[in-house]
Amino acid sequence: GENVEQHPSTLSVQEGDSAVIKCTYSDSASNYFPWYKQELGKGPQLIIDIRSNVGEKKDQRIAVTLNKTAKHFSLHITETQPEDSAVYFCAASNQAGTALIFGKGTTLSVSS
Amino acid sequence: KAGVTQTPRYLIKTRGQQVTLSCSPISGHRSVSWYQQTPGQGLQFLFEYFSETQRNKGNFPGRFSGRQFSNSRSEMNVSTLELGDSALYLCATCPGNTGELFFGEGSRLTVL
């Protein structure tokens, strides 16, 4: 079955710096790759997603890149702010909206 | 925005007992997915229901079961509880064709 590896497990940056989180997946049939942000005491919330027919997607300070050949995708956050501090999860699925396989998560800390 | 209500938010059980958790998606949303979140294993897919039918199932033992009612409310049951079942159980709905999952805040189960 699908396996998703996520690195790093923790990431500390200064406010204004960029943060990059990387994930690899094993199942070449996966075609949907979302990123979720989880704040303390809350459920995960989708921040951006990408499908396998696209190589890059941006939404303001957040971008995701996908390399299907290498089976890896990355989350890029620019101009980080303290409110970006949270746990970020990557995920993969061969059908959007169901049976997501998540990475173990990255705890991002942004200090001002 | 879609919403999911999970009850109870917190509960404590002892080994060998059974537990039932409830999830109510916002009216009209017919899909419900369940995930288990633990510090060691992260987010793991349990099962998904759509219009009262189980559409997908993760790799969990038969002690974990679920169902969905005609009003889209879903329940999951864990029998013969083990210490390792202590986790945050998250429910999510996927209301549209985008693939975005909307998570509830979860039910935190502690098994003593």
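Source: prediction; values computed, not measured.

Peer 1: Just to check I follow, could you spell out the overall build of chain B for this structure?
Peer 2: Regarding its fold elements, chain B presents 0 helices and 11 strands. Element order for chain B, N to C, with α for helix and β for strand: β-β-β-β-β-β-β-β-β-β-β. Relative to a compact globule of 112 residues, whose C-alpha radius of gyration would be 13 Å, chain B shows 13 Å and is just as compact. If you line up chain B on its principal axes, its C-alpha atoms span 40 × 25 × 25 Å. Counting every position in chain B, which comprises 112 residues, the buried fraction comes to 49%. Within chain B, contacts between residues at least 6 apart in sequence are counted, and of these 52% link residues at least 24 apart.

Peer 1: Is there a simple way to explain the interface of chain A and chain B in this structure?
Peer 2: With 19 residues of chain A at the interface, the matching set in chain B holds 23 residues. Of the roughly 1500 Å² buried between chain A and chain B, counting both surfaces, carbon and sulfur atoms make up 51%. Our count for the chain A to chain B interface comes out at 0 salt bridges. Where chain A meets chain B, there are 6 residue pairs in polar contact (both at pLDDT 80 or more). Contributing elements (two or more residues each) for the side of chain A that touches chain B: β4 (32-38) and β5 (45-51) of chain A. Of the residues in the side of chain A that touches chain B, the class split is 9 nonpolar, 6 polar and 4 charged.

Peer 1: For this particular structure, what's the right way to read the sheet that holds strand β1 (residues 4-7) of chain B?
Peer 2: Hydrogen bonds between backbone groups are what pair the strands of a sheet, and the pairing can be parallel or antiparallel. Residues and elements named next belong to chain B. Sheet architecture is open: 4 strands sit in the order β1-β3-β8-β7, paired in antiparallel fashion. Only two strands of the sheet have a single partner each, and these edge strands are β1 and β7 (64-68). Ignoring which end each strand starts from, the neighbouring axes of this sheet average 20° apart. Bridge count between β1 and strand β3 (residues 19-25): 4 bridges; the pairing is antiparallel. Bridging across to β3, V4 finds its partner in P25.

Peer 1: Would you take a moment to explain the nonpolar core for this structure?
Peer 2: W35, F73, L75, Y88 and L108 of chain A are the most contacted members of the largest nonpolar core, which has 24 residues in total. Among the secondary structure elements, those contributing two or more residues to this core are β2 (10-14), β3 (19-25), β4, β5, β7 (62-67), β8 (72-77), β9 (86-92) and β11 (106-111) of chain A.

About the criteria used
- Residues numbered from 1 in each chain as written.
- Chains lettered and ligands numbered in written order.
- Predicted model: local features only at pLDDT ≥ 70, side-chain atom pairs only at ≥ 80, totals over all residues.
- Heavy atoms only, no water.
- Helix = DSSP H or I, 4+ residues; strand = E, 2+ residues; numbered from the N terminus.
- Rg over C-alpha atoms; globule rule 2.2 N^0.38 Å.
- Buried < 20%, exposed > 50% of the residue type's maximum accessible area, 1.4 Å probe, protein only.
- Contact = heavy atoms within 4.5 Å.
- Buried area = accessible area lost by both parts, 1.4 Å probe.
- Salt bridge = Lys/Arg side-chain N within 4 Å of Asp/Glu carboxyl O.
- Polar contact = N/O pair within 3.5 Å; in protein donor to acceptor, adjacent residues only side chain to side chain.
- Nonpolar A, V, L, I, M, F, W, Y, C, P; charged D, E, K, R; others polar.
- Pairing = 2+ DSSP bridges.
- Axes fitted to C-alpha atoms, helices over the stretch in contact; angles between N-to-C directions.
- Core = buried A, V, L, I, M, F, W, Y, C linked by side-chain atoms within 4.5 Å.

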